[in-house]
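A look at the structure
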Amino acid sequence: MARSGYAKGKNAGHVTEQLERKEKPSRTKGRISKRVSLARSIAREVAGLAPYERRILDMIKTGGSAADKRIYKFAKRRLGSHKRALVKREDIKAVNSAQRARQAGA
């Protein structure tokens, strides 16, 4: 915040220049690097899907009116949190769309 040079008021204090701070390493926590994403994709390719993930994939394929909600509830029970369940649902949907694209291309 800019200082006014006055002793009282909203911006009270000596006029100073704001220093630019370097970004803390803790701010970059959770970002996925190229190396990690490559390793994860190779692991997914080699190991395939876990049994519960295959079950979610089957739910997506069979579909139905409330499929999204059922998939969410199942994933939430297995993974333990709302956010993880949503991320997993979208991840398996992406796997399904990639499979369908591969079949259409072949």
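Residues numbered from 1 in each chain as written. Predicted model: local features only at pLDDT ≥ 70, side-chain atom pairs only at ≥ 80, totals over all residues. Heavy atoms only, no water.

Some points on the overall build of the protein chain
- Along the backbone of the protein chain there are 4 helices and 0 strands.
- The C-alpha radius of gyration of the protein chain comes to 24 Å, more than 25% above the 13 Å expected for a compact globule of 106 residues.
- Summarising its shape, the C-alpha atoms of the protein chain cover approximately 70 × 35 × 25 Å along the three principal directions.
- For the protein chain, the proportion of its 106 residues judged to be buried stands at 18%.
- Carbon together with sulfur atoms contributes 53% to the accessible area of the protein chain, which is approximately 9,300 Å² in total.
- Charge-centre separation for the protein chain: the mean point of 29 positive side chains lies 6 Å from the mean point of 9 negative side chains. (Helix = DSSP H or I, 4+ residues; strand = E, 2+ residues; numbered from the N terminus. Rg over C-alpha atoms; globule rule 2.2 N^0.38 Å. Buried < 20%, exposed > 50% of the residue type's maximum accessible area, 1.4 Å probe, protein only. Areas by Shrake-Rupley, 256 points an atom, 1.4 Å probe, with all protein chains shown as cover. Lys, Arg positive; Asp, Glu negative; His and termini not counted. Charge placed at Lys NZ, Arg CZ, Asp CG, Glu CD.)

Observations concerning the pattern of salt bridges
- Considering all chains together, one arrives at 6 salt bridges under this definition.
- Here glutamate 23 and arginine 31 are joined by a salt bridge, their closest N and O atoms 3.9 Å apart. In this structure, glutamate 23 and arginine 31 share a single accessibility class: exposed.
- The partner of aspartate 91 in a salt bridge is arginine 44, with the nearest N and O atoms 3.6 Å apart. Residue aspartate 91 is located in helix H4 (residues 82–105), and its partner arginine 44 is located in helix H1 (residues 34–47); the two are separated by 47 residues in the primary sequence.
- Since its relative accessible area comes to 30%, aspartate 91 is described here as partly exposed. (Salt bridge = Lys/Arg side-chain N within 4 Å of Asp/Glu carboxyl O.)

Here's the deal with the environment of glutamate 90
- Relative to the elements of secondary structure, glutamate 90 occurs in helix H4.
- Placed 18 residues apart in sequence, glutamate 90 and tyrosine 72 show a C-alpha to C-alpha distance of 9.8 Å.
- Within the local environment of glutamate 90, its side chain forms a polar contact with the side chain of arginine 89, the two groups lying 3.5 Å apart. (Polar contact = N/O pair within 3.5 Å; in protein donor to acceptor, adjacent residues only side chain to side chain.)

Structural notes on a positive patch on the surface
- Together, Arg55, Lys69, Lys73, Arg77 and Arg78 make up a positively charged patch on the protein surface.
- By the secondary structure assignment, arginine 77 is in helix H3 (residues 67–79). (Patch = residues over 30% accessible without salt bridge, like charges linked within 9 Å, V, L, I, M, F, W, Y side chains within 5 Å.)

Some points on the layout of surface pockets
- If you add up the space inside the largest pocket, you get close to 200 Å³.
- Lining the largest pocket are Gly30, Ile32, Ser37, Arg40, Ala43 and Arg44.
- Partitioned by chemical class, the residues of the lining of the largest pocket number 2 nonpolar, 2 polar and 2 charged. (1 Å grid on protein atoms, 1.4 Å probe; cavity = no way out; pocket = protein on both sides within 12 Å on 5 of 7 lines; lining within 4 Å. Points joined across faces, edges and corners; volume = space filled by probe spheres on them. Nonpolar A, V, L, I, M, F, W, Y, C, P; charged D, E, K, R; others polar.)

Some points on the packing of helix H2 (residues 51–62) against H4
- Look at H2 against H4: their axes get within 10 Å of each other, and the N-to-C directions meet at 65 degrees. Here H2 lies roughly perpendicular to H4, going by the angle between them. Here the hand of the crossing between H2 and H4 comes out right-handed. Together, Tyr52, Glu53, Ile56, Leu57, Ile60 and Lys61 of H2 and Lys88, Ile92, Lys93, Asn96 and Gln99 of H4 make up the contact between the two elements.
- In the contact of H2 with H4, the residues fall into 5 nonpolar, 2 polar and 4 charged. (Axes fitted to C-alpha atoms, helices over the stretch in contact; angles between N-to-C directions. Parallel < 35°, antiparallel > 145°, perpendicular 65-115°, else oblique. Left-handed = near helix turned anticlockwise from the far one by under 90°. Contact = heavy atoms within 4.5 Å.)

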